[in-house]
Amino acid sequence: MTATTPEELFATVDVAGAPADGPAAFGGDLAPGTLLAAYRHGLFPLPAADDYASAFNEARHEEAVEAGRIALLPGPADADPYALAWWSPDPRPVLAADGVRLGRKLSRLLRNRLDWSTTADAAFEQVLAACAEGREPPWLTRELREALTALHRLGAAHSVEVWEEGELVGGVFGIAVGPVLSLDSMFHRRPDAARVAVADLAARFAAVGGRLLDAQWDSPHVRSLGAAPQPRAHYLAALAAGAGPGTPLDTSRLPAVRLAPAKPRPPWPPGHRHGHGHGRGHGHGHRPAASADRG
């Protein structure tokens, strides 16, 4: 049967059996419906930056396409199918929506020095443009940016913005499908602002029932955020496990310091009986001198 909808089109791709470190498919288009169906099937797009990159894709993968190991999807009649690749790496680096790590140093800075605030979906196109700035190869092509902006208007693509005195200093954007939010790209203009953006997006997503963040590509950076590699089969199962959040993300402006875990109080000194007032200065509500915050 010939595929007639984007969902049917990607249902023909054997994502579970696709190459672990190569594209699962080539071709198709970047219409918003096509893009969203791809994410639902565990795929994300990687457009070729130019004709040379497209020719390289063909030279490197043509044999696998002819053998059926990589799918070739129908697309516009005049389009080069090798100009658009669809990937689903194995393993897949993922983070629990409530498991993003900021680290002690950044948490301390947020508590004591950085007066940052965050918003969601307030400046999606600005975040998109900043993520595209200076990236080589430039995978965020004009066509892909237009499709992502259309998905944002439909409520499927989200951004988080980090602000310092009215200036956009960091951000992240991604696509929400079911219980998973796939992180496409992030940027920073201040150290660690992208990390704060990811933690904020995760917190907002978790608050409405989201469960998992997909970091797409494994790297030391995403590992430092708390990502762990997961077999692609497990990721695909999680993606299909249930409905997505039932309510929209909270888009209000919030203080970034809320993301920093409170500094734990040290234990009471040995022999001290908390709450009975024994010993000078250790009655109710007094914090022992040894527990003074040092930073």
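These lines cover the structure that appears in this document, whether it is placed above or below. None of the values given here were measured: they were computed from a predicted structure.

## With respect to the pattern of salt bridges
Part 1 of the argument: By the definition in use, this model includes nine salt bridges.
Part 2 of the argument: Between Arg190 and Glu167 there is a salt bridge, with its nearest N and O atoms 3.0 Å apart. In this pair, Arg190 is assigned in the loop between strand E9 (180–188) and helix H7 (193–207) and Glu167 in strand E8 (residues 167–177), connecting sequence segments 23 residues apart.
Part 3 of the argument: Relative accessible area serves as the criterion here: at 25%, Arg190 is assigned to the partly exposed category.
Part 4 of the argument: Accessibility expressed as a relative area gives 35% for Glu167, which makes it partly exposed.
Part 5 of the argument: Salt-bridge contacts for Asp200 lead to Arg204; the nearest nitrogen and oxygen are separated by 2.5 Å. Separated by four residues within a single helix, Asp200 and Arg204 lie in helix H7, roughly one turn from each other.
Part 6 of the argument: Classification of Asp200 as buried rests on a relative accessible area of 0%.

## A word on the sheet that holds strand E12 (residues 254–255)
Part 1 of the argument: Ordered in space as E11-E5-E10-E9-E8-E7-E6-E12, the eight strands form an open sheet in which the pairing is mixed. Lying at the two open borders of the sheet, with one neighbouring strand each, are strand E11 (228–230) and E12.
Part 2 of the argument: Two elements, E8 and E9, share eight bridges in a ladder whose sense is antiparallel. From the neighbouring strand, Val177 faces E9, where its bridge partner is Val180.

## Description of the packing of helix H2 (residues 32–40) against helix H6 (residues 142–153)
Part 1 of the argument: Taken N-terminus to C-terminus, the directions of H2 and H6 make an angle of 80 degrees; their axes are 9 Å apart at the nearest point. By the criterion of interaxial angle, the relationship of H2 to H6 is roughly perpendicular. Each of Pro32, Leu35 and Leu36 in H2 lies in contact with H6, whose residues at this interface are Leu144, Ala147, Leu148, Ala150 and Leu151.
Part 2 of the argument: Counted by class, the contact of H2 with H6 contains eight nonpolar, no polar and no charged residues.

## Structural notes on the sheet that holds strand E3 (residues 71–73)
Adjacent strands of a sheet form backbone hydrogen bonds with each other and so pair up, either parallel or antiparallel.
Part 1 of the argument: The strand order across the open sheet built from four strands is E2-E4-E1-E3, with neighbouring strands paired in mixed fashion. Each of the sheet's edge strands pairs with one partner strand only, and the pair in question is strand E2 (44–47) and E3. On average, adjacent strands in this sheet sit at an angle of 30 degrees to one another, irrespective of strand direction.
Part 2 of the argument: For E2 and strand E4 (residues 84–87), the ladder comprises four bridges, and the chain directions are antiparallel. Bridged to Pro45 within E4 is Trp86.

What counts and how
Along each chain, residue indices are assigned from 1 in the same order as the chain's sequence is written. Totals for whole chains, interfaces and linings use every residue, but because this is a predicted model, local features are given only for residues with pLDDT of at least 70 and side-chain atom pairs only at 80 or more, for both listing and counting. The basis for every side-chain value is the complete set of non-hydrogen atoms in the structure, without hydrogens or water. Salt bridge criterion: a side-chain nitrogen from Lys or Arg within 4 Å of a carboxyl oxygen from Asp or Glu. Helix and strand labels come from DSSP, where a helix needs a run of H or I of at least four residues and a strand needs a run of E of at least two; each type is numbered from the N terminus. For the exposure calls, accessible area comes from a 1.4 Å probe over protein chains only, and a residue counts as buried if that area is under 20% of its type's maximum, exposed if over 50%, partly exposed in between. Any two strands with at least two DSSP-identified bridges between them are counted as paired. Orientation is described by axes fitted as lines to C-alpha atoms, over the contacting stretch for helices, and by angles from 0 to 180 degrees between their N-to-C directions. Small angles under 35 degrees read as roughly parallel and large ones over 145 as roughly antiparallel, with 65 to 115 read as roughly perpendicular and the rest as oblique. Between two residues, a contact is recorded if the distance between any of their heavy atoms is within 4.5 Å. Any residue outside Ala, Val, Leu, Ile, Met, Phe, Trp, Tyr, Cys, Pro, Asp, Glu, Lys and Arg is labelled polar, Gly included; the first ten of those are nonpolar and the last four are charged.

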